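# Fold and geometry: a report
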Amino acid sequence: MHLCSNCLHTHTGQRQVNTFELDPDIQATDVNSTAEGLRIIWSQGQHQSLYPWEWLSKHIPFNAAPTAKHPRQDWYHVKPASAQNVQTDYDTVMNSDAGLGVFLEQIRTTGFSFVPNTPATPEATEKLLQRIAFIRPTQYGAFWDFTSEVKPVDTAYTNLELPLHTDTTYFNDPAGLQLFHCLQVATEGGGQSTFSDTFAAAAQLYKINPDYYNILSSVRIASHASGSSSTFGSFMNNASHAGGFPVFTHSVPHIRPHPKNLTHVRWNNDDRHSSTQWPSHERMIVWYRAAKVWQELLASKEFQWQAQLQPGTPIIFDNWRIAHGRTAFDGQRRICGGYIGMDEFLARGRMISARLRADAQPGSEKTSEEEKNEEKVKKEQEEEEKIEKEQPETVEPDVLPQKDEGLDRPIAS
Ligand SMILES: C[N+](C)(C)CCCC[C@H](N)C(=O)O
Ligand SMILES: O=C(O)CCC(=O)C(=O)O
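Residues numbered from 1 in each chain as written. Chains lettered and ligands numbered in written order. Predicted model: local features only at pLDDT ≥ 70, side-chain atom pairs only at ≥ 80, totals over all residues. Heavy atoms only, no water.

A separate point is the pairing of strand β14 (residues 334-340). Buried residues dominate β14, accounting for 6 of its 7 residues. In this structure, strand β5 (residues 144-146) lies alongside β14, joined through 3 bridges in antiparallel fashion. Looking at the pairing, Phe146 lines up with Ile335 of β14. (Buried < 20%, exposed > 50% of the residue type's maximum accessible area, 1.4 Å probe, protein only. Helix = DSSP H or I, 4+ residues; strand = E, 2+ residues; numbered from the N terminus. Pairing = 2+ DSSP bridges.)

Shown next as C-alpha cells:
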C-alpha cells in the first residue's frame with residue numbers, strides 16, 4: 001500500500017484508494033531504489049509510489065514465517081509467595097511509560113500482577129485501571145465497589161464460596177482484564193481469593209486425556225448472566241450466531257485443537273445455561289465427564305493457589321486465561337475493581353512499546369525545554385483536576401415528574 005496522501009488519509013492512515021477500481025493486470029513500469037525507499041511507477045495512470053525501506057522490511061509479501069508467539073510463563077504448583085512476587089509498584093505504573101510498559105508486559109506474560117502501595121481507595125483503584133485504558137462498562141456498571149447484598153444479582157454479591165471461574169463467559173468478547181482491590185478483609189474470617197492458570201491446566205488435561213481436551217474444545221456451551229435478566233434481558237451467548245462457545249477457544253479452529261493454539265478459556269459452571277444443544281446423548285455424557293476432570297484439575301493443588309487480598313495491594317489478571325474464585329466468608333468484606341477490554345489492553349501495550357522504542361532511538365532525547373513544557377502541561381492538568389474536585393457539586397432542584405409528562409415511573413413520595 002503506497003503511503004501517499006492519494007492512497008492513505010493524511011491524518012488517519014485509512015485507505016483512500018478504491019482497491020476494486022485498480023486494473024487487476026496493473027504492472028510496475030519503472031522501479032527505482034532510492035535512499036528513502038523503493039520508488040515505483042505503475043502502468044495504471046502512471047501513478048508514482050514510494051515504499052520506505054522500513055515499511056517494506058515489515059511487510060514481506062507471502063512470508064510464510066508464522067508470527068512469533070508472545071512468551072508466556074505457565075504456572076504449576078504455585079507457591080503463594082512466588083505469586084505475590086509478581087508485582088509492579090503503583091507509583092511505577094502511574095508515573096512513567098516505562099513502568100506502565102513493565103506492568104503490561106508482566107500481565108501479558110504471567111497472566112496477572114499485584115500492585116503494592118496502591119492507595120486503598122476506590123478513586124486510586126479507578127485511576128490505576130484508567131492508566132491502562134478506559135474501563136469496560138457492563139451490566140454490573142463500570143467501576144464497581146461491592147460487598148455482600150441482601151438481594152444479589154449475582155452470587156459474587158454474596159458471602160458464598162465461588163468456585164474457580166472466568167467472568168462474562170456469555171459475552172462474544174468476554175472481559176479481557178479484571179482487577180480486584182480488597183478494601184476490607186472479611187471481618188469474621190474467610191474471603192480468600194483463589195486463582196488458577198487455565199492455560200497450564202489445559203495443557204495438562206491434553207496430556208492426560210486428549211479426548212477430553214478435544215470435546216471441551218468443540219462442544220459449544222450456552223451460558224448466561226444468571227442474575228441480571230431484570231437489567232437488559234438476560235445476556236446469553238447462545239442467542240448469538242455462535243450458539244455458545246466451547247470452554248477452550250483456539251487461534252486455528254480448522255485444525256485439531258492443541259494447547260499451543262489455545263487463546264481463550266471460558267469457564268463458569270455456575271453461569272452455564274441449560275439450553276446447550278448437545279450433539280448427541282453420548283457426547284453429552286463424555287462432555288460432563290471431561291468437565292468434571294477439568295474442574296478437579298483446575299482446582300487441584302497443582303494449579304490452584306490462594307491469596308488473601310489486602311487493602312493497598314490489588315491484583316489484576318487476564319480473564320481469558322486466569323480463573324479466579326473465593327472462599328466463603330463471614331462478616332463485612334469490601335471489594336472494588338473493574339474490567340478492561342482485551343483489545344484495549346493489547347493496543348495499549350503495543351502503543352507503549354512503540355513509544356519506548358521511539359524514545360530509545362538516538363537523537364530522540366527530549367530537550368530540557370520539551371521536558372519542562374511537558375512537566376508544565378502535566379502540572380496545569382493536575383491543577384485543573386484539583387479545582388474541578390473542589391467545585392461544590394451543582395445540585396439540580398428536585399423536580400418531581402409531573403403526571404402529564406407521561407413518565408411511567410412512580411412519582412417519588
Ligand atoms: C465482577 N463483578 C462483581 C462486577 C461481577 C461479577 C459477575 C460474575 C458473573 N457471574 C459473570 O461471570 O459475569
Ligand atoms: O469477591 C471476590 O473475591 C471475587 C468475586 C468474583 O469472583 C467475581 O466478581 O467474579
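A word on the packing of aromatic side chains. How two aromatic rings sit relative to each other is given by the distance of their centres and the angle of their planes. Applying the stated criterion across every chain, the model contains 25 aromatic pairs. Consider the rings of Tyr170 and Phe171, whose centres lie 4.9 Å apart with planes at 80°: the pair is edge-to-face. Both residues of the pair, Tyr170 and Phe171, belong to the buried class. Seen in terms of ring centroids, Phe195 and Trp305 are 4.9 Å apart; in terms of plane orientation they differ by 35°. Their pairing is tilted. Taken together, the residues Phe195 in strand β8 (residues 193-197) and Trp305 in strand β11 (residues 305-307) connect sequence positions 110 residues apart. Grouping residues by exposure puts Phe195 and Trp305 together as buried. Connected via pairs of aromatic rings, a cluster forms that spans Trp75, Phe112, Phe114, Tyr140, Trp144, Phe146, Tyr157, Phe180, Phe195, Trp305, Phe317 and Tyr339. Between Arg266 and the ring centre of Phe245, over which it is positioned, the NZ or CZ distance is 3.7 Å. (Phe/Tyr/Trp six-rings, centres within 6.5 Å; stacked < 30°, edge-to-face > 60°. Lys NZ or Arg CZ within 6 Å of the ring centre and 35° of its normal.)

What follows concerns the packing of helix α7 (residues 210-218) against helix α9 (residues 281-298). For any two helices packed against each other, one specifies the crossing angle of their axes together with the interaxial distance. Closest axis-to-axis distance for the α7/α9 pair is 9 Å, and the angle between their directions is 110°. Overall, the two elements α7 and α9 adopt an arrangement that is roughly perpendicular. Between α7, through Tyr212, Ile215, Leu216 and Ser218, and α9, the contact on the second element is made entirely by Arg283, Val286, Trp287, Arg289, Ala290, Ala291, Val293 and Trp294. In terms of residue class, the contact of α7 with α9 is made up of 9 nonpolar, 1 polar and 2 charged. (Axes fitted to C-alpha atoms, helices over the stretch in contact; angles between N-to-C directions. Parallel < 35°, antiparallel > 145°, perpendicular 65-115°, else oblique. Contact = heavy atoms within 4.5 Å. Nonpolar A, V, L, I, M, F, W, Y, C, P; charged D, E, K, R; others polar.)

Once that is clear, we can look at the pattern of salt bridges. Inspection of every chain in the model, using the stated rule, returns 10 salt bridges. As a salt-bridge pair, Arg72 and Asp74 come within 2.7 Å of each other at their nearest N and O atoms. Arg72 gets classed as partly exposed once you look at its relative accessible area, which sits at 37%. One connected set of salt bridges, linked through shared partners, spans Arg72, Asp74, Asp197 and Arg321. (Salt bridge = Lys/Arg side-chain N within 4 Å of Asp/Glu carboxyl O.)

A word on the site of ligand 2. The local shell around ligand 2 consists of Ala156, Leu162, His165, Asp167, Phe180, His324, Arg326, Arg333 and Ile335. Within the side chain of Asp167, one N or O atom sits 3.0 Å away from an oxygen atom of ligand 2. Contacts to ligand 2 include Arg326, whose side-chain N or O atom sits 2.9 Å from an oxygen atom. Bound to the protein, ligand 2 loses 94% of the 300 Å² it would expose on its own. Of all the secondary-structure elements, those providing two or more residues to the shell around ligand 2 are β6 (162-165) and β13 (322-326). Across the shell around ligand 2, the residue classes break down as 4 nonpolar, 2 polar and 3 charged. (Near = heavy atom within 4 Å. Polar contact = N/O pair within 3.5 Å; in protein donor to acceptor, adjacent residues only side chain to side chain. Areas by Shrake-Rupley, 256 points an atom, 1.4 Å probe, with all protein chains shown as cover.)

Quick look at the UniProt feature "domain: Gamma-butyrobetaine hydroxylase-like N-terminal" (unreviewed entry) in the protein now. UniProt marks residues 4-56 with the feature "domain: Gamma-butyrobetaine hydroxylase-like N-terminal" (unreviewed entry), using the numbering shown here. What you have in residues 4-56 is 8% helix and 32% strand, and the ends, taken at the C-alpha atoms, are 15 Å apart. (UniProt positions renumbered as here; feature names shortened; annotations may be inferred.)

Turning our attention to the environment of Phe146. Tracing the backbone shows Phe146 in strand β5. A residue is classified by how much of its surface remains accessible, and Phe146, at 11% relative accessible area, is buried. Excluding residues that lie within four positions of it along the chain, Phe146 makes contacts with Ala156, Tyr157, Arg333, Arg334 and Ile335.

Before going further, it helps to spend a moment on helix α10 (residues 342-360). Taking 1.5 Å per residue, 19 residues should reach 27 Å; α10 reaches 27 Å between its end C-alpha atoms and fits that length. When α10 is considered as a whole, its buried residues turn out to be Met342, Glu344, Phe345, Arg348, Gly349 and Ile352. End-on, the buried residues of α10 take up no more than an arc of 165°, which puts them together on one face. Opposite the buried face of α10, at more than 90 degrees from it, the exposed residues are Asp343, Arg350 and Arg357. In this structure, the buried side of α10 is in contact with α4 (97-110), α5 (122-132), β7 (177-184), β12 (315-318) and β14. (Expected span 1.5 Å × (residues − 1). Arc of directions from axis to C-beta.)

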